[in-house]
Structure formats: C-alpha cells, structure tokens
Amino acid sequence: MRVIDPYSGLNLVDLSHIWKADAPSYPGEPDVQMTRAVKHAQHGVLAWKIKTTMHTGTHMVAPIHIAQGGADLSHLDPSLFFGNGVILDLRCKKNFDVITAEDIKNAGKIKGGDIVVVNTGWHHKYSDSLEYFGEAPGLLKDAAEYILSKKPKFVAIDTPFIDAPLATSMGLHRNGPCMKRLAKAYFDATGRDALTDFPDWNPAHNVFAKAGVPVVLQAGGDIDEVTGKRATLTAAPWKIFKGDACIVRFVAMLDPSGKLKINSGKETE
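For clarity, every value in this text was computed on a predicted model and none was experimentally measured.

Peer 1: I'd love a proper account of the side chain of Asp-163, names of residues and values included.
Peer 2: As for its placement among the helices and strands, Asp-163 is situated in the loop between strand E10 (155-157) and helix H5 (182-190). Separated by 2.7 Å, the side chain of Asp-163 and the backbone nitrogen of Ala-204 make a polar contact. Discounting residues that sit within four places of it in the chain, Asp-163 has contacts with Gly-138, Leu-139, Thr-168, Asn-202, Pro-203, Ala-204 and His-205.

Here's what the structure looks like:
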C-alpha cells in the first residue's frame, strides 16, 4: 500500500515485514519474547518488555557480523542509510535457485552509488518453515562482486540470507547444519550434493562485509509495488556499539511531481 504525504505529495512504500512476538526466527536462534510490562486495564498505559536477537524480521547486518575488524552499527556512516536506488526484479527465481552476475545485469541498470534491492518474491513465503529459511534463492559470489563494482551504499534482499542458505550455517558449514534436513532436501530436489555445489561459507556476504557494505535482509511489505523502478530508499539502524545487526523500518520514497526538495536548514522567519 502506498501512503501519500499530504504536505509534500511524497509517496511512501513500506518494504518491511510486521515485527511481532511470533516473527519467524532463524533456526538455532530463540524466538522473540514480548510481555506486557504495563497494561491498559491496570494502569491506563501500555508498555512492552522485549527480549530478542536483532536478526529477526527486516533487519540490517553490519560488516562486523562476519568480518573481524569490520564496521559495527555505531561506526557506519549515516549517509549509507539514505539514497537513490533500484529495485531489481528476480521474481523468476525458484526454490534452491542461485542468482548470478548475469541475472543481476539482466534485471536492471544499477547506477554508481545506488542502494541495490533484490526482489525474488520470497517475502511471500515469510514463515517458520524449511522452505523459507532453507530453500531461498541466493547470490553467488560473482553476483555480489558485480554489485560491489557499482559501489552500493547498502544491498537489500527479500530472503533470509544474501547467499543461498546451503552456503551458510543452515547447511554443512561452520556451526551447521542448523537445518539438519536441508542437505537431503536439496539432494532429493536436485540430485546434487550440497557441499559440492556450495563449498564456501557465505561467499557473497563476505564480499560485501569485507568492503564495508551493510546488507538488509528479509525485506518485504509492499516491495512488489516498486519492483522494476528507481526510488529513494532509507533504512536506519540503532547506533549500537559493537552492534552487528538491528531491526529496521525499510521505506521507499517516490516523488511523482519531480519537484520535491529537502529544506535548506535555514531558520524559519
């Protein structure tokens, strides 16, 4: 759904999933816990206590998450969180598919300094399921390297990972398998060996992390409405010292009039 600001005429499109107590959590991580600390019936006020990892729902991941010495959220330049970008249409991708550099090139033109958003259509499968967390399409290393060549501010995707899940600890890497059924499910679906096809751990995410580029995972909301278009995009995390990730509200902005300008900052008369 598109919301129109009555003052500026700016169109705002939400690219975020609703965050709540039963938001799907990554295998191996605890569920979100929300309890009412203060209740309307008792005090006339509502206040929540929340216990969660920041890797839930639509969230930004800082380079420090997988790159030792990488920037944490508190050291990311705020200019990275706002800018022009493109929403690429990769909704042709199916279960266990990969996204190549050629796929990215064919999906649309990326300008230098863009925010790059990849819509695979996977946000429609957002759920606590093997399919959502284990069978999502993901970028190959060459796709990440091509996007990086455009010097993006950040990269976003509507799947749980930038990489194919079998290239993460969901499969047979590092502390995995977090999804013990996944490698067999891949073999049953494709007849191929998971480690042969995905021998490296998070190769695409490492490309971005080592270059200091944050990523937004699990984009959703009304992303289909702006897919194939250019827009101004923003996603701002908390300023967390040593923070590796943070839930964000991801928003696309469009100006149909083409006349909107940001205020100069001068004092009003």
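Peer 1: Account for the nonpolar core, naming residues and giving values.
Peer 2: Core analysis: the largest hydrophobic core is formed by 71 residues, its most contacted members being Ile-104, Leu-139, Ile-162, Phe-208 and Phe-250. Not counting chain neighbours up to four residues away, the residues in contact with Ile-162 comprise Gly-138, Leu-139, Val-155, Ile-157, Ala-204, His-205, Phe-208, Val-215 and Leu-217.

Peer 1: Describe the packing of aromatic side chains, listing the residues and the values that go with them.
Peer 2: If you walk through the whole model with that rule in mind, you get 7 aromatic pairs. Taken together, a centroid distance of 5.4 Å and an interplanar angle of 65° make the contact between Tyr-26 and Phe-161 edge-to-face. Here the residue Tyr-26 occupies a position in the loop between strand E2 (11-14) and strand E3 (33-38), and Phe-161 occupies one in the loop between E10 and H5, the gap between them amounting to 135 residues. Overall, Tyr-26 belongs to the buried group, its relative accessible area being 6%. The buried category is assigned to Phe-161, whose relative accessible area is 11%.

Peer 1: So what about the pairing of strand E14 (residues 251-254)? Which residues, and what values?
Peer 2: By the alternation rule, side chains of E14 split into Val-251 and Met-253 and Ala-252 and Leu-254, which are all buried. The sheet contact formed by E2 and E14 spans 4 bridges and is antiparallel. Opposite Asp-14, over in E14, you have Val-251 as the bridge partner. Note: strand E12 (residues 230-234) against E14, 3 bridges, orientation antiparallel. Note on E14: the bridge partner recorded for Thr-232 is Met-253.

Peer 1: Account for the sheet that holds strand E1 (residues 2-4), naming residues and giving values.
Peer 2: Ordered by their spatial adjacency, 10 strands build an open sheet running E1-E2-E14-E12-E6-E8-E10-E11-E5-E13, and the pairing between neighbours is mixed. The sheet terminates laterally at E1 and strand E13 (245-247), the two strands that pair on one side only. Neighbour to neighbour, the strand axes of the sheet diverge by 30° on average, direction disregarded. Relative to strand E8 (residues 115-119), strand E6 (residues 82-89) runs parallel, the two being bridged by 5 bridges. Note that in E8 the partner of Asp-89 across the bridge is Asn-119.

Peer 1: Pulling in residues and values, what's your account of the pairing of E8?
Peer 2: In terms of burial, E8 is largely enclosed, as 5 of its 5 residues are buried. Here E8 shows a buried face lined by Ile-115, Val-117 and Asn-119 and a second buried face lined by Val-116 and Val-118. Two elements, E8 and E10, share 3 bridges in a ladder whose sense is parallel. The residue bridging Val-117 from the neighbouring strand is Ala-156, located in E10.

Peer 1: How would you summarise the side chain of Asp-72 if you had to cite specific residues and measurements?
Peer 2: Here Asp-72 lies in the loop between strand E5 (59-61) and E6. Comment: no salt bridge for buried Asp-72; closest opposite-charge side chain is Lys-242, at 5.1 Å. If near-sequence neighbours (up to four positions away) are discounted, Asp-72 is found in contact with Ala-62, Ile-64, Ile-240, Phe-241, Lys-242 and Gly-243.

Peer 1: Go over helix H7 (residues 203-210), please, and point to the residues and values.
Peer 2: Within H7, 7 of the 8 residues are buried, which leaves the element mostly enclosed by the surrounding structure. The complete set of buried residues in H7 reads Pro-203, Ala-204, His-205, Asn-206, Val-207, Phe-208 and Ala-209. Among the structural elements, E5, strand E9 (138-139), helix H4 (141-148), E10 and strand E11 (215-217) are those in contact with the buried residues of H7. At the C-terminal side of H7, Gly-212 shows a positive phi close to 80°.

Parameters at a glance
Residues numbered from 1 in each chain as written. Predicted model: local features only at pLDDT ≥ 70, side-chain atom pairs only at ≥ 80, totals over all residues. Heavy atoms only, no water. Helix = DSSP H or I, 4+ residues; strand = E, 2+ residues; numbered from the N terminus. Polar contact = N/O pair within 3.5 Å; in protein donor to acceptor, adjacent residues only side chain to side chain. Contact = heavy atoms within 4.5 Å. Core = buried A, V, L, I, M, F, W, Y, C linked by side-chain atoms within 4.5 Å. Buried < 20%, exposed > 50% of the residue type's maximum accessible area, 1.4 Å probe, protein only. Phe/Tyr/Trp six-rings, centres within 6.5 Å; stacked < 30°, edge-to-face > 60°. Pairing = 2+ DSSP bridges. Axes fitted to C-alpha atoms, helices over the stretch in contact; angles between N-to-C directions. Lys, Arg positive; Asp, Glu negative; His and termini not counted. Salt bridge = Lys/Arg side-chain N within 4 Å of Asp/Glu carboxyl O.

Keep in mind that these numbers describe shape and distance, not what the molecule does.
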